[in-house]
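Remarks on the overall topology
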Amino acid sequence: MPLPTSQVNIPPGVIDLGAGDPAFSLLPLDLLHKAADACFARNDPAFLQYGAEQGDGYFRLALANFLTEGFAVPVDAGHLFVTNGISNALDLLCTLFTHPGDTIFVEEPSYFLALRIFADHGLRIVSIDTDENGLVIESLEEKLREFKPKFLYIIPTHQNPSGHTLTEERRASLVKLAQENNFLILADEVYHFLSYDRQPPKAFAAWTEDPHVLSLGSFSKILAPGLRLGWIQAGTEKIKRLAGCGLLDSGGGLNPFTSAIVREVIESGRLAQNISHLIDIYSQRRRVMDAALRRQLPELIWKVPQGGYFFWVRLPRGLDAADLQQKAMENRVVFRPGVRFSSRNGLNDFIRLSFVFYEPDEIDEGIMRLKRCLE
């Protein structure tokens, strides 16, 4: 029996419509092979040494140029800190800027695995209401009259799981509230570059000169999650605090080896090409899932996401998603129940469906199995 390599472990014959992972067929093996060859051809072993604390300078410069074009705002390499992905960034930020018992704010719903990281640090989680335009500012203002959070964690663009995008007006209001109430905004912008219909509002990266705003990014959704490579964009003082922590003093900067390879991908223009390819594929799969839901399950309620990975679907009144899981497995289909994304133990009548992992015919089959489960 082969030993596991990947975290993705779907039983044979099962269609896991909850899987928030890129398809194996879309992982750019050849692209990264060529980039690694080019990297080794330089015959410079520096990237095999302990890395510079802030991250490889050449990589940060290439990343800054890419982000400047992608965000349509100037990005300075000096304001970028290299991480092992957003999960690592959140864990490090919790370590440096919070203590057990501190209060933090999250959206309702929110990314369920981020909630686990915050729980590991003993943080008190308070949730803020959202609607189809993202975080509700009035709900935030109400909670601020009661609590003094260390930070707000938010996925502002094509949110996981809801797919909602925070409007630019609300983004500006949020920054103003952070200034007035002295809390940090940790903006997880992982889906910003996966927009299918139109460009999203200005990224929080545009506000990172403000000491209250940090923008978190990753290559997990636009290149490959196994790279474990991402970044934090922030003002000078926050970058100094991150780069000066004991973890990096001991172990050096994070992921210098992978950074050197991904630098080649960026500078060759192949990262932009890969993103364009993913947008084409994911746009098609999104249309297939929407059409299958309309055809098979018109009684459900959903809004077609403008980007990202997920449909956030409301079940008919009286149905509890967690109660349906066993029935779903009997029909060899899997979803993620809404309660997993709630810090209030709510959202019981929602499910999250992903459209990126499977081919169109498998998506159709998965929705048909879901219909049988609901029947």
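Source: prediction; values computed, not measured.

**Topic: the overall build of the protein chain**
Scanning the protein chain for helices and strands turns up 12 helices and 13 strands. Its C-alpha atoms give the protein chain a radius of gyration of 21 Å, near enough to 21 Å, the size a compact globule of 375 residues would have. Dimensions along the principal axes, computed over C-alpha positions, put the protein chain at roughly 60 × 55 × 40 Å. Counting all 375 residues of the protein chain, 58% fall into the buried class.

**Examining unusual backbone geometry**
Following Glu108, the chain continues into Pro109 via a peptide bond in cis, with omega recorded as 10°. In this fold, Pro109 is placed in the loop between strand 3 (103-108) and helix 4 (112-120). The omega angle of the peptide bond from Asn160 to Pro161 is 20°, so this bond is cis rather than trans. Mapped onto the elements, Pro161 comes out in the loop between strand 6 (151-154) and helix 6 (168-181).

**A few points about a nonpolar patch on the surface**
On the surface, Phe40, Leu48 and Phe257 cluster together into a nonpolar patch covering about 310 Å² of accessible area. Within the secondary structure layout, Phe40 lies in helix 1 (residues 29-41).

**As for helix 12 (residues 360-374)**
The first and last C-alpha atoms of helix 12 sit 21 Å apart over 15 residues, in line with the 21 Å expected at 1.5 Å per residue. Where helix 12 is concerned, the buried positions are Ile363, Gly366, Ile367, Arg369, Leu370, Cys373 and Leu374. The buried residues of helix 12 occupy an angular sector of 160° when the element is viewed end-on, so they sit on one face. Turning to helix 12, the residues buried within the fold contact strand 1 (15-16), helix 10 (270-296), helix 11 (321-330), strand 11 (333-334) and strand 13 (350-354).

Rules and cut-offs
Residues numbered from 1 in each chain as written. Predicted model: local features only at pLDDT ≥ 70, side-chain atom pairs only at ≥ 80, totals over all residues. Heavy atoms only, no water. Helix = DSSP H or I, 4+ residues; strand = E, 2+ residues; numbered from the N terminus. Rg over C-alpha atoms; globule rule 2.2 N^0.38 Å. Buried < 20%, exposed > 50% of the residue type's maximum accessible area, 1.4 Å probe, protein only. Patch = residues over 30% accessible without salt bridge, like charges linked within 9 Å, V, L, I, M, F, W, Y side chains within 5 Å. Areas by Shrake-Rupley, 256 points an atom, 1.4 Å probe, with all protein chains shown as cover. Salt bridge = Lys/Arg side-chain N within 4 Å of Asp/Glu carboxyl O. Expected span 1.5 Å × (residues − 1). Arc of directions from axis to C-beta. Contact = heavy atoms within 4.5 Å.

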